[in-house]
Amino acid sequence: MAVEFHKDKKLGQVHRVPCLRCAGRTDHVIVSAYQVRGDEESGNWSFSWAEDHQIIQCLGCKSISFRLAKSNSEDRVNDEQGEVIYPEDVSLYPARVEGLKHLDGDLVYLPNQIRRIYEETTKALANQQPVLAGIGLRALVESLCKDNNAQGRNLANKIDDLVNLQILTPNDSSILHSIRTLGNDSAHEAKPHNEMQLQLAITVAENLLRSVYILPAKANAAFPEK
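Before going into details, it helps to say that this report is about the structure given with it. This one's a predicted model, so the numbers in the text were calculated from it and none came from an experiment.

What follows is about the side chain of R138. Relative to the helices and strands, R138 resides in helix α2 (residues 130-147). If we skip the residues at most four places from it in the chain, R138 touches L155, R180, G183 and N184.

Written out as structure tokens, the structure is:
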């Protein structure tokens, strides 16, 4: 088996990929790159593979990511003109979910436990771990109730008590009940919900965290009482 390592000639190339901060696909330029190539032969059989290790930078927010593109001689297809091409299997690090914008700098306004659970849940979702993401969402709801001293025999009652405490609106509580049910399915039945459901649930949870913690903290800082 022969393996070669050399610097990539693709510096300056632009790829449109999901951005960590821009919450959508943006142009990323390759700022540093390294290639690994390998060949194996045995009788009439041969196999070759390639790995492109690239540091990329978003041309919008300037955030830095890592892009790994893999291809091999076995995974080949024909394009519209009949030419043979070798599709790339692309991974991005840190992992991210397209269309989902992290709370990022606003995390400082969250209580420590809620911040930790939120970060673990978003990482599970980004790394395609739907069961763990569902469990994390339920834990996030439980922590929200605990932090606000909601009373009740079970989580459903505590969510309802958040309305009595005027922390949530009735509409917000119905959303939390949906997230609670989703989390119950993940925790008790190991049921993996689809990506669309989980993305919607985490987006709703983020909006609640903003309304309960982030916006009040920013308002108090911007308009201190005299």
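With 15 residues, helix α1 (residues 112-126) should reach 21 Å at 1.5 Å per residue; the first-to-last C-alpha distance of 21 Å fits that figure. Listing the buried residues of α1 in full gives I114, I117, Y118, T121, T122, A124, L125 and A126. Turning to α1, the residues buried within the fold contact α2 and α5 (195-222). Phi for Q128, located one or two positions after α1, is positive at around 55 degrees.

Here the focus is the packing of aromatic side chains. For the structure on display, the rule yields one aromatic pair. Arranged with centres 6.2 Å apart and planes meeting at 45 degrees, the rings of F66 and Y93 form a pair that is tilted. Remark: Y93 occurs in strand β8 (residues 89-93) and F66 occurs in strand β5 (residues 64-72); sequence separation between them is 27 residues.

Conventions used here
- Residues numbered from 1 in each chain as written.
- Predicted model: local features only at pLDDT ≥ 70, side-chain atom pairs only at ≥ 80, totals over all residues.
- Heavy atoms only, no water.
- Helix = DSSP H or I, 4+ residues; strand = E, 2+ residues; numbered from the N terminus.
- Contact = heavy atoms within 4.5 Å.
- Expected span 1.5 Å × (residues − 1).
- Buried < 20%, exposed > 50% of the residue type's maximum accessible area, 1.4 Å probe, protein only.
- Phe/Tyr/Trp six-rings, centres within 6.5 Å; stacked < 30°, edge-to-face > 60°.

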